[in-house]
Amino acid sequence: MDLTDFVSYYQLCQAAVNEVGTKLENLDADYQLHNAHNPIHHMEARMKDARSLFRKVKAHDLPLTFASIHDHIYDIGGIRVICNYQADVYTVAENLLAQSDITLIRQKDSIKTPKASGYRSLHLVVSVPVFQAKGVKNTPVEIQLRTVGMDTWASLEHKLRYKTDVDADTVAHYAAQLHQYADEMDHMELGMQAIFHALSDQK
Ligand code: GTP
Ligand code: MG
């Protein structure tokens, strides 16, 4: 693999994360000013490290070349957006996707259709232009949008998924319990959102 190409592309993905991060911060500030509510609770940006990148290339049976990474891996740069309410998740996604320099490449809504585990989040892969000395390059960024509750749930379930020193029955027991909590949390979040909207309307 040509390491120079890879290093340049990695840097491009970092620049794309910076571009999208700024857009999200600007949206949050705008919404705060006009609606007295911040849809974004907080954000986390990360670059995929080399080890998990190569693991993913292997898992997807892709050749370990720069071309296959460039053409098939869209989550080298990633941003997680954590919101108070489910409605905020859709507001942020809608306002970002409405921007003329953002192109939606892929969307997966596991809030509407939760995964078998109970996992919920809205995943977007977008492409954003990055302006460099030698011209412009449209570059992908993966954005995972979820509520605070979904985020807490996902990190606990992730811990369970990668535990190797726990017996299979215990894992299955906790997985079933977590699935139930995911459903209960969804119910409570929608209830709290309804209260929030009712109180906001009264002002
Ligand atoms: P990969 O990107 O190869 O993982 O597969 P994909 O693109 O088909 O999956 P998707 O976009 O649905 O999910 C990718 C990421 O979402 C994962 O790396 C996790 O961070 C998260 N995720 C998806 N499903 C689960 C789940 O069941 N539990 C947890 N904890 N996280 C999940
Ligand atoms: Mg993915």
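Residues numbered from 1 in each chain as written. Chains lettered and ligands numbered in written order. Predicted model: local features only at pLDDT ≥ 70, side-chain atom pairs only at ≥ 80, totals over all residues. Heavy atoms only, no water.

Looking at an unreviewed UniProt entry, one finds the chain named RelA SpoT domain-containing protein, with Lacticaseibacillus manihotivorans DSM 13343 = JCM 12514 as its source organism. Heading Pathway (unreviewed entry) of the UniProt record for the chain holds this comment: "Purine metabolism; ppGpp biosynthesis; ppGpp from GTP: step 1/2." (UniProt positions renumbered as here; feature names shortened; annotations may be inferred.)

## Considering the sheet that holds strand S4 (residues 122-132)
Across a sheet, strands are paired by hydrogen bonds formed along the backbone, either parallel or antiparallel in direction. What the five strands build is an open sheet, ordered S1-S2-S5-S4-S3; its pairing is mixed. With one partner strand each, in any of the chains shown, strand S1 (40-47) and strand S3 (103-109) form the two edges of the open sheet. Strand-to-strand twist in this sheet, taken as the mean axis angle between neighbours without regard to direction, amounts to 25°. Inspection of the sheet shows S1 paired to strand S2 (residues 77-83) by seven bridges, in the antiparallel sense. Opposite Ala45, over in S2, you have Ile79 as the bridge partner. (Pairing = 2+ DSSP bridges. Helix = DSSP H or I, 4+ residues; strand = E, 2+ residues; numbered from the N terminus. Axes fitted to C-alpha atoms, helices over the stretch in contact; angles between N-to-C directions.)

## Concerning the packing of helix H1 (residues 3-35) against helix H4 (residues 86-97)
Their axes nearest at 10 Å, the elements H1 and H4 cross at an angle of 120°. By the criterion of interaxial angle, the relationship of H1 to H4 is oblique. Crossing of H1 against H4: the hand is right-handed. Contacts between H1 and H4 pair Val20, Lys23, Leu24, Leu27 and Tyr31 from the former with Thr91, Val92, Asn95 and Leu96 from the latter. Of the residues belonging to the contact of H1 with H4, the class tally is six nonpolar, two polar and one charged. (Parallel < 35°, antiparallel > 145°, perpendicular 65-115°, else oblique. Left-handed = near helix turned anticlockwise from the far one by under 90°. Contact = heavy atoms within 4.5 Å. Nonpolar A, V, L, I, M, F, W, Y, C, P; charged D, E, K, R; others polar.)

## Observations concerning the side chain of Lys48
Note that Lys48 resides in the loop between S1 and helix H2 (50-59). Not counting chain neighbours up to four residues away, the residues in contact with Lys48 comprise Tyr10, Leu53, Lys56, Asp75 and Ile76.

## Quick word on the domain arrangement of the chain
Split into domains, the chain comes out as domain 1 (3-149) and domain 2 (153-201). On the side of domain 2, 15 residues touch domain 1, which itself brings 13 residues to the contact. With both sides pooled, the region where domain 1 packs onto domain 2 buries about 1,200 Å², and carbon together with sulfur makes up 52% of that total. Three residues, Tyr85, Gln86 and Arg120, lead the burial of domain 1 against domain 2; their summed loss comes to 42% of the area buried on that side. Counting the contacts that link domain 1 with domain 2 gives two salt bridges. A salt bridge links Asp183 to Arg120, with the nearest nitrogen and oxygen atoms 3.2 Å apart. Our count for the domain 1 to domain 2 interface comes out at nine residue pairs in polar contact (both at pLDDT 80 or more). Of all elements in the fold, only H4 and strand S5 (135-147) reach the threshold of two or more residues within the side of domain 1 that touches domain 2. Here the side of domain 1 that touches domain 2 is built from residues that sort into four nonpolar, six polar and three charged. (Domains from an automatic or database assignment. Buried area = accessible area lost by both parts, 1.4 Å probe. Salt bridge = Lys/Arg side-chain N within 4 Å of Asp/Glu carboxyl O. Polar contact = N/O pair within 3.5 Å; in protein donor to acceptor, adjacent residues only side chain to side chain.)

## Overview of the packing of aromatic side chains
The full count for this structure, using the stated rule, is three aromatic pairs. A ring pair is formed by Tyr9 and Phe66, whose centres lie 5.7 Å apart and whose planes are at 75°; its orientation type is edge-to-face. Taken together, the residues Tyr9 in helix H1 and Phe66 in helix H3 (residues 66-72) connect sequence positions 57 residues apart. On the basis of relative accessible area, Tyr9 is assigned to the buried category, the value being 6%. With 4.8 Å between their ring centres and 25° between their planes, Tyr85 and Phe196 make a pair best called stacked. Residue Tyr85 is located in the loop between S2 and H4, and its partner Phe196 is located in helix H6 (residues 168-202); the two are separated by 111 residues in the primary sequence. Using a relative accessible area of 25% as the deciding quantity, one classes Phe196 as partly exposed. (Phe/Tyr/Trp six-rings, centres within 6.5 Å; stacked < 30°, edge-to-face > 60°. Buried < 20%, exposed > 50% of the residue type's maximum accessible area, 1.4 Å probe, protein only.)

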